[in-house]
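# Structural overview for review
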Amino acid sequence: MNNDTTLPMNAETLNAIVNAMGALVFAAVRQLPEHKQAAFAEDLARLARNEERQGQLATETILLDLHRAAVAAAK
């Protein structure tokens, strides 16, 4: 096993980070009671809208990806 945990900062690594965050959101939402799952997803959408208003398009895009993961988990 390689103990080097340093990852290069490139597009592949950043995509992997976003994908891992989506997996964490998916798993977290599935642990919530059903009545709280939609609220979690809506919070992510609201945060994305706030980032859009502030011109933070990269953060908005990531939050929208996480929102989609939350919605998928709630189904």
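Computed from a predicted model, the values in this text were never measured in an experiment. (Residues numbered from 1 in each chain as written. Predicted model: local features only at pLDDT ≥ 70, side-chain atom pairs only at ≥ 80, totals over all residues. Heavy atoms only, no water.)

Once that is clear, we can look at the overall build of the protein. A count of helices and strands for the protein gives 3 helices and 0 strands. Along the chain direction, N to C, the helices and strands of the protein fall in the order α-α-α. Whereas a compact globule of 75 residues would reach a radius of gyration of roughly 11 Å, the protein reaches 14 Å, over 25% beyond that. Expressed along its principal axes, the backbone C-alpha trace of the protein runs to roughly 40 × 35 × 15 Å. Nonlocal contacts in the protein, meaning residues at least 24 apart in sequence, comprise 53% of its contacts between residues at least 6 apart. When the accessible area of the protein is evaluated, it comes to approximately 5,600 Å², of which 57% is carbon and sulfur surface. Taken together, the 7 basic and 9 acidic charged side chains of the protein have centroids lying 9 Å from each other. (Helix = DSSP H or I, 4+ residues; strand = E, 2+ residues; numbered from the N terminus. Rg over C-alpha atoms; globule rule 2.2 N^0.38 Å. Contact = heavy atoms within 4.5 Å. Areas by Shrake-Rupley, 256 points an atom, 1.4 Å probe, with all protein chains shown as cover. Lys, Arg positive; Asp, Glu negative; His and termini not counted. Charge placed at Lys NZ, Arg CZ, Asp CG, Glu CD.)

What follows deals with the side chain of Q37. Within the secondary structure, Q37 sits in helix α2 (residues 34–53). A residue is classified by how much of its surface remains accessible, and Q37, at 9% relative accessible area, is buried. Excluding residues within four positions of it along the chain, Q37 makes contact with V29, R30, L32, A73 and A74. (Buried < 20%, exposed > 50% of the residue type's maximum accessible area, 1.4 Å probe, protein only.)

Time to look at the pattern of salt bridges. Within this structure, the stated rule accounts for 3 salt bridges. The closest approach of N and O atoms between D43 and R46, which form a salt bridge, is 2.7 Å. Of this pair, D43 and R46 both sit in helix α2, 3 residues apart, roughly one helical turn. For D43, a relative accessible area of 39% gives the class partly exposed. By relative accessible area, R46 is classed as partly exposed at 39%. (Salt bridge = Lys/Arg side-chain N within 4 Å of Asp/Glu carboxyl O.)

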